[in-house]
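So you can see what is in the structure, the chains are spelled out below.
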Amino acid sequence: MQIKEPVKILGVPVHPLTMGEAVSTLEYSIQNGKQAFVVTANAEIIMMCQQDADYKKIVSQDAQLVLPDGAGAVWAGRHLGYKIPERVAGFDLYCQLLERASQKGYKAYFFGGSPGIAEAAKAKSEELYPGVKVVGCRNGYFKEEESQSIIDEINASGADMLFAALGAPKQEKWLVRYRDQLKPKVLMGIGGSFDVFAGKMERAPKWMQDASLEWAFRLYKQPSRFMRMMALPKFVLKVLFSGNKD
Ligand code: UDP
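How each quantity is defined
Residues numbered from 1 in each chain as written. Predicted model: local features only at pLDDT ≥ 70, side-chain atom pairs only at ≥ 80, totals over all residues. Heavy atoms only, no water. 1 Å grid on protein atoms, 1.4 Å probe; cavity = no way out; pocket = protein on both sides within 12 Å on 5 of 7 lines; lining within 4 Å. Points joined across faces, edges and corners; volume = space filled by probe spheres on them. Nonpolar A, V, L, I, M, F, W, Y, C, P; charged D, E, K, R; others polar. Near = heavy atom within 4 Å. Polar contact = N/O pair within 3.5 Å; in protein donor to acceptor, adjacent residues only side chain to side chain. Core = buried A, V, L, I, M, F, W, Y, C linked by side-chain atoms within 4.5 Å. Buried < 20%, exposed > 50% of the residue type's maximum accessible area, 1.4 Å probe, protein only. Helix = DSSP H or I, 4+ residues; strand = E, 2+ residues; numbered from the N terminus. Phe/Tyr/Trp six-rings, centres within 6.5 Å; stacked < 30°, edge-to-face > 60°. Lys NZ or Arg CZ within 6 Å of the ring centre and 35° of its normal. Pairing = 2+ DSSP bridges. Contact = heavy atoms within 4.5 Å.

Draft legend 1. Structural view of empty space enclosed by the protein. In this structure the tally under the stated criterion is one cavity of 30 Å³ or more. In this model, the largest cavity occupies a volume close to 30 Å³. Contributing to the lining of the largest cavity are Met-201, Glu-202, Phe-217, Arg-218, Lys-221 and Gln-222. Among the residues forming the lining of the largest cavity, the class breakdown is two nonpolar, one polar and three charged.

In structure tokens form, the structure reads like this:
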């Protein structure tokens, strides 16, 4: 399947796809046995790429699909003169893929979060998307030497989609490091999405998402994120002063 040419936001390529196009692209990967590693790039991730060359390489060169997650990434792309059809938030894409999985029988593996969280997210997925097959769960706290047994367990589960909720950039670094050994066709980092499904974390109400205020809700709920969220105003300034599209 031909994926639209990426646009560049602060040197990071982003594919300007709609949610529907992103889901179809990933479904095509499953059906055709081609692995797709997808990154949902929000402003924080794009800023991490400015400081971390390894991470920038992972997002720029290793990912098959990089999607505009969050109001900041969409605003930046449009400000730079590109056509970005819509926000494709990681959490929403994860939900859409689970829905598609429940209709088509694709199998998912949930890797990440504190002990018990992936299992709680599985229970919530089964409630929201009846028939969905979550074929394995594993918490995200492990020693590096345990990675091989985690990979073996994921592969033995027969999963088509691997959702890794280890936080950025850890989840992308782990997925890229082991992608050649991993059998699932869709590899995707989803940050705190299991926490939302498990009820440990709330997502911003729809009106706040629509008003591009999801960041304010997260800050209100998790004031400890203040330092991390300083990346957002820095991102806006950097885009405003970048002067060119690269
Ligand atoms: N996490 C994990 N292993 C780790 C570090 C974090 O499984 O070594 C989980 C953590 O429990 C949480 C998620 O990763 O569920 C990170 O969520 P966050 O909202 O911080 O994601 P981000 O905003 O970084 O994408």
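Draft legend 2. Here's a closer look at the site of the ligand. If you check the shell around the ligand, you find 16 residues, and the closest are Gly-113, Gly-140, Lys-170, Asp-195 and Arg-218. Lys-170 places a side-chain nitrogen or oxygen 2.7 Å from an oxygen atom of the ligand. One of the side-chain nitrogen or oxygen atoms of Arg-228 is found 3.1 Å away from an oxygen atom of the ligand. Considering only residue class, the shell around the ligand consists of four nonpolar, seven polar and five charged.

Draft legend 3. Broad picture of the nonpolar core. Counting 44 residues, the largest nonpolar core has Phe-111, Leu-162, Trp-174, Leu-182 and Phe-235 as the members making the most contacts within it. A per-element tally of this core places helix 2 (residues 43–51) first, with six residues. Among the nonpolar cores identified, the runner-up in size contains 38 residues, and Leu-93, Cys-95, Leu-97 and Phe-163 belong to it.

Draft legend 4. Representation of the packing of aromatic side chains in the model. Scanning the entire structure with this criterion turns up 12 aromatic pairs. Relative to Phe-163, the ring of Tyr-94 has its centre 5.1 Å away and its plane inclined at 80 degrees; by these criteria the two rings are edge-to-face. Linking Tyr-94 in helix 5 (residues 90–104) with Phe-163 in strand 7 (residues 161–165), this pair joins segments that are 69 residues apart in sequence. Residues Tyr-94 and Phe-163 agree in their burial class; the two are buried. Judged by centre distance (6.0 Å) and plane angle (65 degrees), the rings of Tyr-94 and Phe-194 are edge-to-face. Here Tyr-94, found in helix 5, pairs with Phe-194, found in helix 9 (residues 193–197); they are 100 residues apart in sequence, far enough to count as distant. Taken individually, Tyr-94 and Phe-194 each receive the classification buried, so the pair is uniform in this respect. The cationic tip of Lys-170 hangs over the ring face of Phe-142; the distance from NZ or CZ to the ring centre is 5.1 Å.

Draft legend 5. Focus on the pairing of strand 6 (residues 133–138). Looking at chain direction, strand 5 (residues 107–112) and strand 6 are connected through five bridges and run parallel. For Phe-110, the partnering residue across the bridge sits in strand 6 and is Cys-137.

Draft legend 6. Up close: helix 8 (residues 170–178). Buried residues of helix 8: Gln-171, Glu-172, Trp-174, Leu-175, Val-176 and Tyr-178, and no others. Along its buried surface, helix 8 packs onto strand 3 (36–41), helix 3 (53–62), strand 5, helix 7 (147–157), strand 7 and strand 8 (186–189).

Draft legend 7. Looking closely at unusual backbone geometry. Cis geometry marks the peptide bond from Ala-168 to Pro-169, where omega comes out at 5 degrees. At Leu-10, a residue that is not glycine, the phi angle is positive and equals roughly 50 degrees. In this structure, Leu-10 sits in the loop between strand 1 (7–9) and strand 2 (12–14). In this structure Leu-10 comes out as buried when scored by relative accessible area, which is 9%.

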